[in-house]
Amino acid sequence: MPKTKGVIVFPLEKEEIIRDYHLAYQSRQASLIGRREVLSGKAKFGIFGDGKELANLAIAHAFQKGDWRSGYYRDQTWMFMLGVMNIQEFFAQLYAHADVNHESNTGGRSMNAHFASRYITPDGSWKNQTESYNTSADVSPTGTQMPRTVGLAYASVLYRGLEELQEFNQFSRNGNEVVFASIGNASTAEGMFWESVNAIGVLQAPVIITVYDDGYGISVSNQFQMVKENIYTILQGFQREPCLEEECERGYDLYQVPGWDYPALLETYANAAEIARQYHIPQLVHVTDLTQPQGHSTSGSHERYKSSERLEWEEKYDCIRKMREWILDQRLISEPELVAVEKEDRAAVEGIRKLAWEAYLTPILEERGQVMDMLDEIAGSSSHASALEQIKERLAALPAPLRRDVHSAAHEALRVLRDEANPSKQVLVQWKNEQDAINNERYGSHLHSGKALAIKEVKPAYSSSSPTVMGFEVMNAAFDSILGRDPRVIAFGEDVGFLGDVNQGLKGMQEKYGALRVTDTGIREATILGQAIGMAMRGLRPICEIQYLDYLLYALQIMSDDLANLHWRTVGGQAAPVIIRTRGHRLEGVWHAGSPMAGIIHLVRGINVLAPRDMTRAAGFYNTLLKTDEPAVIVEVLNGYRVKERLPDNIAEFTVPLGAPEVIREGSDVTVVTYGACCRVAMDAADKLSKVGIHVEVVDVQSLLPFDIHGKIVESLKKTNRVVFLDEDVPGGGSAYMMQK
């Protein structure tokens, strides 16, 4: 609430305003010093939030525990204020300090200004999200944060609308959580932005989208980015009709506010958050008149593309400068006091930077010392002492060595010593092997949680009363069981709800479980997947349907850039157990029965890719995946829905293990390795060949990622000494992958 001082109305208490200025000024210093660190060679690249500080402050004031952020790399002041990242961690990330104890957001695995709260503990359990300021892990491709925003916000709709979810109060308090998304003006030209804005409006999800507008996308001005050069103007058609909030069904509230007007920013975000939180009406705030004091990033200087008039205007309307002028005009602090504060802040940030640098460099210096000591010891009894001394001197001369430099020196020394039987050499060999193992963990761990491979197989059980049914009826029984036993499971996609999907696997499920549990969506594959990612981050178990495998390509970018590496790029701090349901492999036509498998498996490492041969195996995979926290795509056989199968008695319990091929026909002459729809082709061929005395062993891979972790294909090959790889893909595609594995 506004605070008064005489006749002047202040948006906050005096102390809060001064504290805000402190933080904004410190954040600006972090940006300025960060750029210097890059240009001096201590860091590789820098991109900063300078010029956006006041908007960040206003957002942070409206942000409550339980809320979510889905943003990008201009949000550092916001993150500092909420404590998601502190300034020392900011510099640790700039230096790529690969240690979550020093850089908890990404463990040095993302470039700087990439933020992520840790909602998963080291033991794999999920924290109480209602007690945290939550931020979904940033991705570098701008615009990619928008699809997941749909799901993060739609989760609030579900938690408010589904009584059966009320027990999961560690994820929501009656759907009161608001999602704050941020994006730059130029990135609103991306298709994902428009698809997301539309989906959020259709779903009436509680989102506040902030568009930071500094007039440029790197060097390209708004003239070339968008029609009318103003996103607020373009979006007028999305604005809701005048109505009472509780009666409005569709549409946005739109705001436009200068990024240097601190009181107006506070008021705007307070109003937007109240409406979004209470009524689930989406909001969009266009923050104008922003500046980039250092240009887009450390890759170049904005003096190359901005006129002198523009640069002069940016200096005048710099938001820190305008806030400083406002504070002094309102006599909240004297100028000498403010100058003293600024001096202290500059020194404080420089001191914090120094601590971060020393913490980053110290373990590398220790490793360098170990290698140099070993080189001294080896040189004492080596005929290559001179060469080893030169290697040591070059390493010692580096003022700020990288870990790569240390290992390069060790490797060079081992090459020099390759023909020498020096007992001391083995110490260096052992050190190198141990460090390689440490670095594999330091930089490569957590692509998967490992839980999926721990699920034990439970075979389907049959009895004399087990009915023979159509494939789609197997899926129907499986989904009925899944939806009935776990209220967190939400199935959605094109034609999934009322129709029960185009192949009837979900027939009758919407009628039985309701329109919020089994839901139709528009034709919007990227945000169908994004919706699933955001929902999964908030504790739900989405099964999102991409109607045909060919259409997965619409969503492939965020599958690859966001979902696949989420667990890895947060060093296990975040996960999104999304199940992507699709169908393909019919050998008929291009776009409704295609098989882009090679492209998929090479682009989505981190997602399990499963290709069951029939609907029974598909049902088992769904059961398996719902016991774990890993994402997966299941490619059902398109021409299998009307093929008859026996319905297992334990449809709710049986599981199919990941990474475990199954021998579906024994043979002694040749092994055929295949998966999915091709299993029927292989079995038919094997039957025909048996009539001429050729006995084919058919191995169903079932799981492409992970692939044959127990070596079953090799066991078959040892028996037959011949192998044929069969799949539906381009030459050198999926077959080449299987051969390589």
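Note that the structure is a prediction, hence the values are computed from the model and not measured.

Draft legend 1. Up close: helix 23 (residues 712-720). Those residues of helix 23 lying buried are Ile713, Ser716 and Thr720. Looking straight down helix 23, one finds that the buried residues subtend no more than 60° of arc, so they occupy a single side. Projecting away from the buried face of helix 23 at angles above 90 degrees are the exposed residues Glu715 and Lys718. Phi turns positive, to about 65°, at Asn721, one or two residues after helix 23.

Draft legend 2. Seen up close, the pairing of strand 15 (residues 579-584). With six of six residues buried, strand 15 is to be regarded as a mostly interior element. Residues Ile579, Arg581 and Arg583 of strand 15 are buried on one face, and the alternating residues Ile580, Thr582 and Gly584, pointing to the opposite face, are buried as well. Both strand 14 (residues 541-545) and strand 15 contribute to a ladder of three bridges, which runs parallel. Across the sheet, the residue bridging to Glu545 is Arg581, located in strand 15. Note that strand 15 and strand 17 (residues 632-637) share six bridges and pair parallel. Looking at strand 17, one finds that Ile579 is bridged to Ala632.

Draft legend 3. Looking closely at the sheet that holds strand 21 (residues 696-700). Read from one edge of the open sheet, four strands run 19-21-20-23, paired in mixed fashion. Looking at strand neighbours, the two that pair on one side only are strand 19 (662-665) and strand 23 (723-725), the edges of this open sheet. Neighbour-to-neighbour, the strand axes of this sheet turn through a mean angle of 30°, independent of strand direction. Bridge count for strand 19 against strand 21 is three bridges, and the pairing is antiparallel.

Draft legend 4. Layout of the side chain of Thr106. Following the sequence through the fold, Thr106 ends up in the loop between helix 4 (87-94) and strand 4 (134-135). A relative accessible area of 3% means that Thr106 is categorised as buried. When sequence neighbours within four positions are dropped, the list of residues in contact with Thr106 reads Gln93, His114, Arg569, Thr570 and Val571.

Draft legend 5. Quick peek at unusual backbone geometry. Here the amide bond leading from Leu705 into Pro706 is cis, since omega sits at 0°, within 30 degrees of zero. Mapped onto the secondary structure, Pro706 falls in the loop between strand 22 (703-705) and helix 23. A positive phi is found at Asp708, a non-glycine position, where the angle reads about 40°. Topologically, Asp708 is positioned in the loop between strand 22 and helix 23.

Draft legend 6. The arrangement of the environment of Leu203 in detail. Note that Leu203 resides in helix 6 (residues 191-203). In the structure, Leu203 is positioned 78 residues away from Ile281 in sequence and 9.6 Å away in space, judged by C-alpha atoms. Setting aside anything within four residues of it in sequence, one finds Leu203 in contact with Val150, Tyr154, Val157, Arg524 and Gln531.

Cut-offs and rules
- Residues numbered from 1 in each chain as written.
- Predicted model: local features only at pLDDT ≥ 70, side-chain atom pairs only at ≥ 80, totals over all residues.
- Heavy atoms only, no water.
- Buried < 20%, exposed > 50% of the residue type's maximum accessible area, 1.4 Å probe, protein only.
- Helix = DSSP H or I, 4+ residues; strand = E, 2+ residues; numbered from the N terminus.
- Arc of directions from axis to C-beta.
- Pairing = 2+ DSSP bridges.
- Axes fitted to C-alpha atoms, helices over the stretch in contact; angles between N-to-C directions.
- Contact = heavy atoms within 4.5 Å.

Worth remembering: the numbers are spatial, not functional.
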